[in-house]
2 protein chains.
Amino acid sequence: MTLPLKDRFALPEGVIYLDGNSLGPLPRGVDDRVSRMITDEWGAHLIKGWNVDDWMAQPIRVGNRISRIVGAADDSIALGDTLSIKVYQALAAALDMRPDRRVILSDSGNFPSDLYMAEGLIGLLGDSYELRIVAPDAVEDAMTPDVAVAMLTQVDYRTGRMHDMDAITQAAHAAGAVMLWDLAHSAGAVPVDLAGAGCEFAVGCTYKYLNGGPGAPAFIYVRPDLIDVARPALSGWLGHDAPFAFERSYRPATGIERMRVGTPPVMGLAALECALEVWVDVEMNDIRAASLHLSETFIAEVETRCPELRLVSPRNGSERGSQVSFAHEHGYAVMQALIARDVIGDFRAPDTMRFGFAPLYLDEDDVHRAVAILADVLGGRLWDRPVFRKTTRVT
Amino acid sequence: MTLPLKDRFALPEGVIYLDGNSLGPLPRGVDDRVSRMITDEWGAHLIKGWNVDDWMAQPIRVGNRISRIVGAADDSIALGDTLSIKVYQALAAALDMRPDRRVILSDSGNFPSDLYMAEGLIGLLGDSYELRIVAPDAVEDAMTPDVAVAMLTQVDYRTGRMHDMDAITQAAHAAGAVMLWDLAHSAGAVPVDLAGAGCEFAVGCTYKYLNGGPGAPAFIYVRPDLIDVARPALSGWLGHDAPFAFERSYRPATGIERMRVGTPPVMGLAALECALEVWVDVEMNDIRAASLHLSETFIAEVETRCPELRLVSPRNGSERGSQVSFAHEHGYAVMQALIARDVIGDFRAPDTMRFGFAPLYLDEDDVHRAVAILADVLGGRLWDRPVFRKTTRVT
């Protein structure tokens, strides 16, 4: 399979889309698949859809498509809810495995919602628990014997800095801590080998590099040997061993089903399942090689042609995910001007412009053209107009 | 507006659908609306959809459509997640309002997932907390001064028995307890006046009488005067006061936005928003009058023509929601045989057949025909075939 596979995506003509790290583009076929789900399944089969269209099996079936992309065994991933909820669920189960410890270790590069969910959980568990946040490069040294769980996002949402999953997981285990990885910017972006890393938990979203659509369902992974001992704090009926027996007390299901909570979002899962068909013949190592090539081409050209920008991503490709970030004092306005020219990236306060490189639908020519337009916008100070400097943009 | 409004739904020819209490049918227009969201919003606008298509405002905008149906003020309902998650969120916030009390009071008619979620929450809060479950008719007497929260589903999912929301809320308040109502079988089924009842919290799902589709997003209501003191335990970034400032610590948003958690399910919300257009010119009092007429016609005819069935719903309409349940020793097989004849209801173990009456798309003739077919199935023992007696059905 030769990358890119542009014909698998319905990208608007003329757009160079460098924001798949925030929201992936529409894969062809999703519209038809969802339309069939709506009219031929829900509309025609009504309640029978749960059986005849196998809606009830979706969360694990779709999980098995993601397993291949993140190096997990079959039946170790369940889909559903949002990533924030999945973080909470994994974190609660992880803490439960270290009842004598009280520290959740994270880093300042983690996505804020992960930290917020940990705060919320601690609010219930009580003040003896602590969320300890260190700098990303201090994580390994911070694996002290009081750490119950290390909760980290592998790839930094601002800078693209990537943690060494194997090394940090080993450090966590050496300290007796449980390891929880957030793969929001990893799944479909870089090769991930969950089974090889040996981490206990992982979570991720599917609307970035997996192209599931805005607000697509999230996933949770539990290491297979721990699935049947992981205690679900979000003990919803579809994680029950016999959901349709309607027993009065919760008994967790055998298997990864126990990480399900409520009724699955059938429409969103249908869209995602179709979006994941893009990946069937794609190897993550090929994606990685192409991503590094595109990213390094971008960095080299931007540094040559746009000296007013400052690289805030690691220069070393092995320390970077699939995004490149550059800072500029007026980064927000520059990005707005770029978007007006159909080069779509995004901005994170205070000054960071993010550019995601998804080799499924980007090639080297896109990179050359994007840099040419960026150089134009900067050289001509095209960003310095009131229309680009308003900050009403929400994402 | 004269009920029913059958032309607003894409019901399969010949089907009499008596299972809207489990999954509402497809409203016309939803397929087109979702298709537009996929191709014209996500596909064409990509990440810009969050702004130009106002995806970020969906959860409260759609909440305001539901407010009207359940008697709530504007901006007191947020959409998102599943009902189980919303139960957890409301329950945690409710317990936080009574820190000196330790009892969650519920009843044996509550939907099991609500009880399971309470168990999970107690698992985090510690053994000093208690989930106390009494019989439905013992709830008012059980409002003792140790009750922190009374958590009840208004309409019983098995029997259709309906609690008196005003009386029980008053009893809860007289005992100093916080009142949390689950409206799963109420919203769109019976007139609900949350503002009048004065309960602190309510939650509900949107895939039953509101016809949002399988796994459609759930909702949470907080009484307006309490919104800004309700502490979110599921403190996700979209409930933060400034989600895109990416601060390190959680600060709840002002307003009902604080009950949001993660990225909204845009596709599911688009479907739901369209499905709710059915309701713009519908009055819940008209729905209620028609529902009682259909239900009572059904009960009277079934009792005349099918004496082997035993009514398990309250006979008094004022004590019943919009569903009627009958028991039969071989209820599962009888329901399968009925479904084979295109009369669709459902079954709940051990012996209960449920029939939902949604006056939006059902009329008296449907009821007559349904009873005639039911009488046929019973009279001819058509259910007594192996194909109907297998119990592989999941819902």
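Novice: Describe in detail the overall build of chain A, supporting the description with residues and values.
Specialist: Regarding its fold elements, chain A presents 12 helices and 13 strands. Its C-alpha radius of gyration of 22 Å places chain A within 12% of the 21 Å reference for a compact globule of 395 residues. Out of the 395 residues belonging to chain A, those deemed buried represent 65%. If you take every contact in chain A between residues at least 6 apart in sequence, the share linking residues at least 24 apart comes to 72%. Accessible surface, chain A: about 12700 Å² in total, of which carbon and sulfur atoms supply 49%. Averaging the positions of the 37 positive and the 54 negative side-chain charges in chain A gives two centres separated by 4 Å.

Novice: Can you lay out the relation of the copies chain B and chain A for me, pointing to particular residues and giving the numbers?
Specialist: Superposing chain B onto chain A requires a rotation of 180 degrees together with a translation of 0.0 Å along the rotation axis, leaving an RMSD of 0.0 Å. Taken together, the rotation and translation relating the two chain copies correspond to the operation of a two-fold axis. Of all interface residues in chain B, 100% are interface residues in chain A too; the two copies therefore contact each other through one and the same surface.

Novice: Provide a residue-level description of the pairing of strand β3 (residues 103–107) of chain A, including the pertinent values.
Specialist: Regular strands show a simple pattern: their side chains alternate between the two faces of the sheet. Residue and element names in this part refer to chain A. Summarising burial for β3: five of the five residues are buried, a large majority. In β3, alternate side chains face the same way, and those of V103, L105 and D107 on one face and I104 and S106 on the other are all buried. Judged from the five bridges that link them, β3 and strand β4 (residues 130–134) form a sheet pairing that is parallel. Looking at β4, one finds that V103 is bridged to E130. In the classification by handedness, the crossover that spans β3, the intervening helix α5 (residues 112–125) and the parallel β4 is right-handed. Sheet topology places β3 next to strand β5 (residues 147–153); three bridges connect them, and they run parallel.

Novice: Account for the packing of helix α10 (residues 331–340) of chain B against helix α11 (residues 364–379) of chain B, naming residues and giving values.
Specialist: For any two helices packed against each other, one specifies the inter-axial angle together with the distance between the axes. All names here are of chain B. Contact geometry for α10 and α11: axes closest at 10 Å, N-to-C directions at 125 degrees. Regarding the angle of α10 to α11, the classification is oblique. For the pair α10 and α11, the crossing hand works out as right-handed. Residues V334, A337 and L338 of α10 form the contact with α11, whose own contacting residues are I373, L374, V377 and L378. Considered class by class, the residues forming the contact of α10 with α11 number seven nonpolar, no polar and no charged.

Novice: Explain the confidence of the model for chain A to me, using residue names and the numbers behind them.
Specialist: Residues of chain A with pLDDT of at least 70 account for 99%, and the chain-wide mean is 97. In the predicted assembly, ipTM is 0.97 and pTM is 0.97.

Novice: So what's going on with the sheet that holds strand β8 (residues 219–222) of chain A? Residues and values would help.
Specialist: Residues and elements named next belong to chain A. Spatially, β2-β8-β7-β6-β5-β3-β4 is the arrangement adopted by the seven strands of the open sheet, whose pairing is mixed. At either end of the open sheet lies a strand with only one pairing partner, and these are β2 (77–79) and β4. Each neighbouring strand pair of the sheet contributes to a mean axis angle of 20 degrees, computed without reference to strand direction. Where strand β7 (residues 201–204) and β8 come together, four bridges link them in antiparallel fashion. Each residue of the ladder has a partner; that of A202, found in β8, is Y221. Packed on one face of the sheet, helix α3 (residues 58–70) meets β2 and β8 and runs near 125 degrees to β2. Contacts from helix α6 (residues 165–174) reach β5 and β6 (178–182), with the element oriented near 150 degrees to β6.

Novice: Please provide a residue-by-residue account of the interface of chain B and chain A, values included.
Specialist: Each partner contributes residues to the interface: chain B has 85 residues there, and chain A has 85 residues. Counting every contact that joins chain B to chain A gives zero salt bridges. For the side of chain B that touches chain A, the leading source of residues is helix α5 (residues 112–125) of chain B, giving 11 residues. Class assignment for the residues of the side of chain B that touches chain A results in 50 nonpolar, 24 polar and 11 charged.

Novice: Summarise the packing of aromatic side chains; cite the residues concerned and give the values.
Specialist: Enumeration over the complete set of coordinates arrives at 31 aromatic pairs over all chains. An aromatic cluster of three or more residues is present, and its members are A:F111, A:Y157, B:W237, B:F244 and B:F246.

Novice: Break down the pattern of salt bridges for me, with residues and values.
Specialist: All names here are of chain B. In this structure the tally under the stated criterion is 56 salt bridges over all chains. R251 is paired through a salt bridge with D241; the nearest N and O atoms lie 3.0 Å apart. With R251 in the loop between β8 (219–222) and α8 (266–275) and D241 in the loop between β8 and α8, this pair connects stretches of sequence that are 10 residues apart. Residue classification places D241 among the partly exposed residues on the basis of a relative accessible area of 36%.

Novice: Before we move on, can you summarise helix α1 (residues 30–45) of chain A with the specific residues and values?
Specialist: Residue A:M37 marks the point of greatest curvature in α1(A), where the axis turns by about 25 degrees. All of the buried residues along α1(A) are A:V30, A:D31, A:R33, A:V34, A:M37, A:I38, A:E41, A:W42 and A:G43. For α1(A), the elements touching its buried residues are α8 (266–275) of chain A together with α1 (30–45) and α8 of chain B.

Novice: So what's going on with the pairing of strand β10 (residues 323–327) of chain A? Residues and values would help.
Specialist: Residue and element names in this part refer to chain A. For β10, a buried count of five out of five residues is recorded, marking the element as mostly surrounded by other parts of the structure. Where strand β9 (residues 310–311) and β10 come together, two bridges link them in antiparallel fashion. The residue of β10 that forms the bridge with R310 is A327. Here five bridges tie β10 to strand β13 (residues 352–356), and the two strands are oriented antiparallel to one another. Bridge pairing in β13 links S325 to R354.

Novice: Give me the lowdown on the sheet that holds strand β12 (residues 346–348) of chain A, citing residues and values where you can.
Specialist: Residues and elements named next belong to chain A. What the four strands build is an open sheet, ordered β9-β10-β13-β12; its pairing is antiparallel. Sheet topology places β9 and β12 at the edges, where each strand pairs with a single neighbour. Helix-sheet contacts for helix α10 (residues 331–340) involve β12 and β13, and the interaxial angle to β13 is about 40 degrees.

Novice: Give a detailed account of α5(B), specifying residues and quantitative values.
Specialist: An α-helical turn contains 3.6 residues, so a residue and the one three or four places further along point in the same direction. Residues and elements named next belong to chain B. With 14 residues, α5 extends 20 Å between its outermost C-alpha atoms, agreeing within 8% with the 20 Å of an ideal straight helix rising 1.5 Å per residue. Counted residue by residue, α5 has 12 buried out of 14 residues, so it is predominantly covered. Inspection of α5 places P112, S113, D114, L115, Y116, M117, A118, G120, L121, I122, L124 and L125 among the buried residues, and these make up the whole buried set. G126 lies just past α5 and shows a positive phi near 110 degrees.

Novice: Any details on unusual backbone geometry? Residues and values, ideally.
Specialist: Each neighbour pair has its own omega, and for A:A349 with A:P350 the value is 5 degrees, a cis peptide bond. Here A:P350 lies in the loop between β12 and β13. B:P4 follows B:L3 through a cis peptide bond whose omega is -5 degrees. In this fold, B:P4 is placed in the segment before β1 (16–17). Of note, A:L46 is a non-glycine position whose phi angle comes to about 50 degrees, a positive value. Structurally, A:L46 can be placed in the loop between α1 and α2 (49–52). Accessibility expressed as a relative area gives 1% for A:L46, which makes it buried.

Novice: Residues and numbers for empty space enclosed by the protein, please.
Specialist: All names here are of chain B. Overall, the coordinates contain five cavities of 30 Å³ or more when judged by the stated rule. There is about 340 Å³ of room inside the second largest cavity. Taken together, the elements giving at least two residues each to the lining of the second largest cavity come down to α4 (83–96) and α5.

Novice: I'd like a rundown of the side chain of A:N110, residues and numbers included.
Specialist: Residues and elements named next belong to chain A. If you trace the backbone, N110 turns up in the loop between β3 and α5. A polar side-chain atom of N110 sits 2.4 Å from a polar atom in the side chain of T153. Discounting chain neighbours no more than four positions away, the residues touching N110 are L115, M151, L152, T153 and Y157.

Cut-offs used in this document
Residues numbered from 1 in each chain as written. Chains lettered and ligands numbered in written order. Predicted model: local features only at pLDDT ≥ 70, side-chain atom pairs only at ≥ 80, totals over all residues. Heavy atoms only, no water. Helix = DSSP H or I, 4+ residues; strand = E, 2+ residues; numbered from the N terminus. Rg over C-alpha atoms; globule rule 2.2 N^0.38 Å. Buried < 20%, exposed > 50% of the residue type's maximum accessible area, 1.4 Å probe, protein only. Contact = heavy atoms within 4.5 Å. Areas by Shrake-Rupley, 256 points an atom, 1.4 Å probe, with all protein chains shown as cover. Lys, Arg positive; Asp, Glu negative; His and termini not counted. Charge placed at Lys NZ, Arg CZ, Asp CG, Glu CD. Least-squares fit on C-alpha atoms with pLDDT ≥ 70 in both. Pairing = 2+ DSSP bridges. Right-handed = clockwise from strand over helix to strand, strands pointing away. Axes fitted to C-alpha atoms, helices over the stretch in contact; angles between N-to-C directions. Parallel < 35°, antiparallel > 145°, perpendicular 65-115°, else oblique. Left-handed = near helix turned anticlockwise from the far one by under 90°. Nonpolar A, V, L, I, M, F, W, Y, C, P; charged D, E, K, R; others polar. pLDDT = per-residue confidence, 0-100. Salt bridge = Lys/Arg side-chain N within 4 Å of Asp/Glu carboxyl O. Phe/Tyr/Trp six-rings, centres within 6.5 Å; stacked < 30°, edge-to-face > 60°. Bend = angle between axes of the 7 residues up to and from the residue. Expected span 1.5 Å × (residues − 1). 1 Å grid on protein atoms, 1.4 Å probe; cavity = no way out; pocket = protein on both sides within 12 Å on 5 of 7 lines; lining within 4 Å. Points joined across faces, edges and corners; volume = space filled by probe spheres on them. Polar contact = N/O pair within 3.5 Å; in protein donor to acceptor, adjacent residues only side chain to side chain.

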